[in-house]
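Spelled out from the first residue to the last, the chains are:
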Protein chains: 2
Amino acid sequence: MNELPMSLRKEAREAPESGIVEVVNFAREREDLIPLWVGEGDLKTPDFIREAAYLGLDAGETFYTYQRGIPELRRALADYHSRQYGRGFTQEEFYVTGSGMQAMQIAIQCVAGVGDEVILHDPAWPNLAAVVGIMGARAVPVPMRFSADGWSLDIDRMFDAVTPRTRAIYLNSPCNPTGWVAGRETLKAVLDRARQLGLWIIADEVYSRFVYGGEARAPSFYDVAEKGDRILYVNTFSKNWAMTGWRIGWLGAPAELGQIIENLIQYSTSGVAGFMQRAAIAALNDGDNFVEEQVTRAKAGSTLIREVLDNSERVEYAPPQGAFYLFFKVMGFDDSRELAKTIVSQTGVGLAPGAAFGPAGEGYLRLCFARSSRDLAQAAERLQGWLSR
Amino acid sequence: MNELPMSLRKEAREAPESGIVEVVNFAREREDLIPLWVGEGDLKTPDFIREAAYLGLDAGETFYTYQRGIPELRRALADYHSRQYGRGFTQEEFYVTGSGMQAMQIAIQCVAGVGDEVILHDPAWPNLAAVVGIMGARAVPVPMRFSADGWSLDIDRMFDAVTPRTRAIYLNSPCNPTGWVAGRETLKAVLDRARQLGLWIIADEVYSRFVYGGEARAPSFYDVAEKGDRILYVNTFSKNWAMTGWRIGWLGAPAELGQIIENLIQYSTSGVAGFMQRAAIAALNDGDNFVEEQVTRAKAGSTLIREVLDNSERVEYAPPQGAFYLFFKVMGFDDSRELAKTIVSQTGVGLAPGAAFGPAGEGYLRLCFARSSRDLAQAAERLQGWLSR
């Protein structure tokens, strides 16, 4: 590094490059690419959502607005949660953010600074650990256990990692990348232990609708939480409503934190465009069918990919219970970055390297199956050809 | 504060509520309100900019995109700067952010953490000091000097505040709230001293087009900087192109910092919506006339307000050379928060309290004159009535 970068703050300088983007950049321009490496589907945002944004723009909703989100959207969030979790919520429990990622950044700014520690399961979406690092805190990964029946989290092991510096536990269920879904009993146990220790929980339930056992949604901390619990929920419009590019999400948090969270929004992005919030309202109020279609499509995608990969004895994975990724190992390869680059070079199928998700992800590849069956069938065929060489 | 807020990180808990928003919330619902308290004009975003967003939405630009901004927008930024500053720029020097505020947050994350100090002039836009505090660093205000001829910055005094902990100098010219514009010689002197000390400069030139002496723009650090200088430029589409609510801005920074800034964007908001970036391109490429109209309108607004307030011997101010605020004192009142509340209660004219901009702003009020002459004439009349009681 030359002099200019070296004169920056250490934590900024050392924030890691996304291991996913690294591979994307390696082969972004390849011909015949089937990009299954990032966490987004191939459907553009549906018309009824885009039209709500048009209307907001036409109406001139281009001025500064409420830092916490417009009241109509916060009410729509409360209604949506009431429907999902079968009990009452108020708008005071929700804060609109400029992406789920920003919800996560604000959650971390709330709880962890220099010298603090945040415990997370490994593998996990890498951006949480990165934002912890940028704040000068330390992310402490606790390896999950793989078996062909499924990934599992050893809660004792997770809490063995607690030190006097621990401020929070991050739990992502349904899990990106592993497809693991925490049962209600697991969530209850984590909450009980966190309560005893006075720790915050950062609950990432972004994929809660994407579950494949016939249930309407995954178990949630909302099912077991009580008033006064220290839980920050980070969420996004990206996955449910095909709005990845919009950068709009929300934070669920106790109403008592309202002014503090408003301040953290004020001093980072100062809110979300009014006309974008209109689109988010349409998504929440009129988007249930679209979400169901997407889940059905992802389930079919998972089946299609697995049926083909099951033909190879070199492939090993646990069937995903949720989210929309297949996280699989190819026998004989240890370096997932190299493997992802080799596969995209030789087949044009873009996969994310497991190492990007933490040490326990090394050796695995992540494939996003929230795509058309045509793309997935072609990707599966190419992968099968490559595997049988 | 009850137990939940108290369990949060100190720097988050202690981030100040915006002193402007405090007064806005006090009287947001008042009948007959003329809101001159926040920093935005009354024109909605022009059609040609909104239409570019429609087209992007229609084209399905709703997917993840480049963290640093789409290449077309970064090129448009380079072209815009080349036109403004009469020399070549490359797209590698620009990074698209989710507001000027976010550009500022990323700039601070680059340079200042726990125990560090950032020097700024006082008064200044309060959000800079707040984001410095959230990072655990300390904002060190250096009072500017008021005289009826204009505000002035004593550079020796500014650099007397440097300690071994100082990492950066923040300079906002044209200045919100005072209307002060730094001359080229001042900028050169600040840069020379900062170079000697190895300090970063955070250059906030958001109002560079809003100057009232007949020149096309204010002097800029770009006029005096050389390759290798430690300068981060924070900027926004908000003011020039009536896009306050959009939350889109940019950071100008040395190309060598590219990967670091990309990472900080990745781990905060992960970029800006593609269709919003289309609107930003339209603004840069086709928005010169609109900017000129806005500047002409603001100049007329400044004249109108001042002509009326000049009738009162109780009002004191320095004529603003730039930005779009009148920052004035009413003799006999020391507490600007109370005064702003009194005035909005009794007249319906919403003004920002000077105390929100730092200790040296106490006693002043900020009035935004980027409004229609009808609104401003009515506001001036009401203020005159109130002053002559």
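Draft legend 1. Region of interest: the overall build of chain A. Each helix and strand counted, chain A has 15 helices and 15 strands in total. Over its C-alpha trace chain A gives a radius of gyration of 21 Å, about what one expects of a compact globule, namely 21 Å for 389 residues. Once the C-alpha set of chain A is aligned to its principal axes, its extents read approximately 60 × 50 × 50 Å. Residues classed as buried in chain A amount to 64% of the 389 residues present. Look at the contacts in chain A between residues 6 or more apart in sequence, and 73% of them connect residues 24 or more apart. For chain A, the centre of its 40 positive side-chain charges and the centre of its 49 negative side-chain charges are spaced 2 Å apart.

Draft legend 2. The nonpolar core, seen in detail. Of all hydrophobic cores here, the largest spans 213 residues; its most connected members are Phe-221, Phe-237 and Trp-241 of chain A together with Phe-221, Phe-237 and Trp-241 of chain B. Those residues in contact with Phe-237 of chain A that lie beyond four places of it in its chain are Leu-73, Leu-77, Ala-242, Met-243, Ile-248, Gly-249, Trp-250, Ala-280, Ala-283 and Leu-284 of chain A. The next biggest cluster of nonpolar side chains, apart from the first, holds 76 residues, and it includes Leu-232 of chain A together with Ala-130, Tyr-170 and Ala-253 of chain B.

Draft legend 3. Quick look at the relation of the copies chain A and chain B. Each copy superposes on the other: chain A lies on chain B with an RMSD of 0.0 Å after a rotation of 180° and an axial shift of 0.0 Å. The superposition of one copy onto the other is thereby described by a two-fold rotation axis. No C-alpha of chain A lies nearer the rotation axis than that of Tyr-54 of chain A, which sits 3.4 Å from it. A symmetric contact is evident, with 100% of the interface residues of chain A recurring at the interface of chain B.

Draft legend 4. Expanded view of the packing of helix 13 (residues 336–347) of chain B against helix 14 (residues 373–387) of chain B. All names here are of chain B. Where helix 13 contacts helix 14, the two axes come as close as 10 Å, and the packing angle between them is 110°. Classified by the angle between their axes, helix 13 and helix 14 sit roughly perpendicular to one another. The residues of helix 14 that touch helix 13, namely those facing Leu-339, Thr-342, Ile-343, Gln-346 and Thr-347, are Arg-382, Leu-383 and Trp-386. Residues belonging to the contact of helix 13 with helix 14 are distributed by class as follows: four nonpolar, three polar and one charged.

Draft legend 5. Layout of the pairing of strand 10 (residues 249–252) of chain A. All names here are of chain A. Side-chain alternation along strand 10 places Gly-249 and Leu-251 on one buried face and Trp-250 and Gly-252 on a second face that is also buried. Relative to strand 10, strand 2 (residues 94–97) is paired through four bridges, and the arrangement is antiparallel. Bridging from a neighbouring strand, Thr-97 pairs with Gly-249 of strand 10. Relative to strand 10, strand 9 (residues 231–236) runs antiparallel, the two sharing four bridges. If you follow Thr-236 over to strand 10, its bridge partner there is Gly-249.

Draft legend 6. Region of interest: the sheet that holds strand 14 (residues 352–353) of chain B. All names here are of chain B. Across the sheet, which stays open at both edges, the four strands sit in the order 11-12-15-14 with antiparallel pairing between neighbours. The sheet terminates laterally at strand 11 (315–317) and strand 14, the two strands that pair on one side only. The sheet contact formed by strand 14 and strand 15 (residues 364–368) spans two bridges and is antiparallel. Across the sheet, Ala-352 pairs through a bridge with Arg-366, a residue of strand 15.

Draft legend 7. A look at the interface of chain A and chain B. At the interface, 81 residues of chain A touch 81 residues of chain B. Summed over both sides, the interface between chain A and chain B buries roughly 6,800 Å², with carbon and sulfur atoms accounting for 59% of that surface. The three residues of chain A that bury the most area against chain B are Leu-4, Tyr-64 and Tyr-267 of chain A, which together make up 13% of that side's buried surface. A salt bridge links Asp-58 of chain A to Arg-50 of chain B, with the nearest nitrogen and oxygen atoms 3.6 Å apart. Applying the counting criterion to the chain A and chain B interface returns 36 residue pairs in polar contact (both at pLDDT 80 or more). The set of elements that each furnish at least two residues to the side of chain A that touches chain B consists of helix 1 (3–6), helix 2 (10–13), helix 4 (47–58), helix 6 (100–111), helix 7 (126–134), helix 11 (258–266) and helix 12 (274–286) of chain A.

Draft legend 8. A look at the pattern of salt bridges. Residues and elements named next belong to chain A. Taken as a whole and judged by the stated rule, the model has 46 salt bridges over all chains. Of the charged contacts, one joins Arg-50 and Asp-47 as a salt bridge, the two residues approaching to 2.3 Å between their closest N and O atoms. Placement of the pair is Arg-50 and Asp-47 together in helix 4, with a separation of three residues, close to one helical turn. Overall, Arg-50 belongs to the buried group, its relative accessible area being 4%. One network of salt bridges, in which partners are shared, links Lys-188, Asp-192, Arg-195 and Asp-229.

Draft legend 9. Seen up close, the sheet that holds strand 2 of chain A. All names here are of chain A. A sheet is described by the order of its strands in space; here seven strands give the open sequence 2-10-9-8-7-3-4, paired in mixed fashion. The sheet is open, and its two edges are formed by strand 2 and strand 4 (138–143), each paired on a single side. On average, adjacent strands in this sheet sit at an angle of 25° to one another, irrespective of strand direction. Note: strand 8 (residues 200–204) against strand 9, four bridges, orientation parallel. By the bridge assignment, Ala-203 is partnered in strand 9 with Tyr-233.

Draft legend 10. Representation of the pairing of strand 8 of chain A. Residue and element names in this part refer to chain A. Along strand 8, five of the five residues are buried, which leaves the element largely enclosed by surrounding structure. Sheet analysis places strand 7 (residues 166–172) next to strand 8, joined by five bridges and oriented parallel. The residue of strand 8 that forms the bridge with Leu-171 is Ala-203. Note that the unit made of strand 7, helix 9 (residues 184–197) and strand 8 has a crossover that is right-handed.

Draft legend 11. Just a negative patch on the surface, in detail. Taken together, the side chains of Asp-334, Asp-335, Glu-338 and Glu-362 of chain A present a region of like negative charge at the surface. Positionally, Asp-334 of chain A belongs in the loop between strand 12 (325–330) and helix 14 (336–347).

Draft legend 12. Focus on the domain arrangement of chain A. Residues and elements named next belong to chain A. Its domain assignment divides chain A into domain 1 (3–45 + 289–387) and domain 2 (47–287). Listed by partner, the interface residues are 36 residues for domain 1 and 42 residues for domain 2. Of the roughly 3,300 Å² buried at the junction of domain 1 and domain 2 (both faces included), carbon and sulfur atoms supply 60%. Of all residues in domain 1, Thr-45, Val-291 and Gln-321 bury the most surface against domain 2, accounting for 21% of the area lost on that side. Of all the secondary-structure elements, those providing two or more residues to the side of domain 1 that touches domain 2 are helix 13 (288–309), strand 11 (315–317), strand 12 and strand 15 (364–368). Among the elements that line the side of domain 1 that touches domain 2, the one with the most residues is helix 13, at seven residues.

Draft legend 13. Quick look at the side chain of Gln-67 of chain A. All names here are of chain A. For Gln-67, the location among the structural elements is in the loop between helix 4 and helix 5 (71–85). Taking the relative accessible area as the measure of exposure, Gln-67 reaches 12% and is therefore buried. In this structure, Gln-67 is in contact with Val-96, Glu-262, Ile-265, Gln-266, Ser-270 and Gly-271, ignoring residues within four places of it in sequence.

Draft legend 14. Expanded view of the packing of aromatic side chains. Applying the stated rule across the entire model yields 45 aromatic pairs over all chains. Where Phe-210 of chain B meets Phe-324 of chain B, the ring centres are 5.0 Å apart and the plane angle is 85°; that geometry is what we call edge-to-face. Linking Phe-210 of chain B in the loop between strand 8 (200–204) and strand 9 (231–236) with Phe-324 of chain B in the loop between strand 11 and strand 12 (325–330), this pair joins segments that are 114 residues apart in sequence. As far as burial versus exposure is concerned, Phe-210 of chain B and Phe-324 of chain B are alike and both buried. Here Phe-327 of chain B and Tyr-364 of chain B contribute two aromatic rings whose centre-to-centre distance is 4.9 Å and whose plane-to-plane angle is 5°, an arrangement assigned as stacked. Pair noted here: Phe-327 of chain B is in strand 12 and Tyr-364 of chain B is in strand 15, with a separation of 37 residues, a long-range link. When its relative accessible area of 4% is taken as the criterion, Tyr-364 of chain B is described as buried. Members of the aromatic cluster, each reached through a chain of ring pairs, are Tyr-85, Phe-89, Phe-94, Tyr-222 and Tyr-233 of chain A.

Rules used in this analysis
Residues numbered from 1 in each chain as written. Chains lettered and ligands numbered in written order. Predicted model: local features only at pLDDT ≥ 70, side-chain atom pairs only at ≥ 80, totals over all residues. Heavy atoms only, no water. Helix = DSSP H or I, 4+ residues; strand = E, 2+ residues; numbered from the N terminus. Rg over C-alpha atoms; globule rule 2.2 N^0.38 Å. Buried < 20%, exposed > 50% of the residue type's maximum accessible area, 1.4 Å probe, protein only. Contact = heavy atoms within 4.5 Å. Lys, Arg positive; Asp, Glu negative; His and termini not counted. Charge placed at Lys NZ, Arg CZ, Asp CG, Glu CD. Core = buried A, V, L, I, M, F, W, Y, C linked by side-chain atoms within 4.5 Å. Least-squares fit on C-alpha atoms with pLDDT ≥ 70 in both. Axes fitted to C-alpha atoms, helices over the stretch in contact; angles between N-to-C directions. Parallel < 35°, antiparallel > 145°, perpendicular 65-115°, else oblique. Nonpolar A, V, L, I, M, F, W, Y, C, P; charged D, E, K, R; others polar. Pairing = 2+ DSSP bridges. Buried area = accessible area lost by both parts, 1.4 Å probe. Salt bridge = Lys/Arg side-chain N within 4 Å of Asp/Glu carboxyl O. Polar contact = N/O pair within 3.5 Å; in protein donor to acceptor, adjacent residues only side chain to side chain. Right-handed = clockwise from strand over helix to strand, strands pointing away. Patch = residues over 30% accessible without salt bridge, like charges linked within 9 Å, V, L, I, M, F, W, Y side chains within 5 Å. Areas by Shrake-Rupley, 256 points an atom, 1.4 Å probe, with all protein chains shown as cover. Domains from an automatic or database assignment. Phe/Tyr/Trp six-rings, centres within 6.5 Å; stacked < 30°, edge-to-face > 60°.

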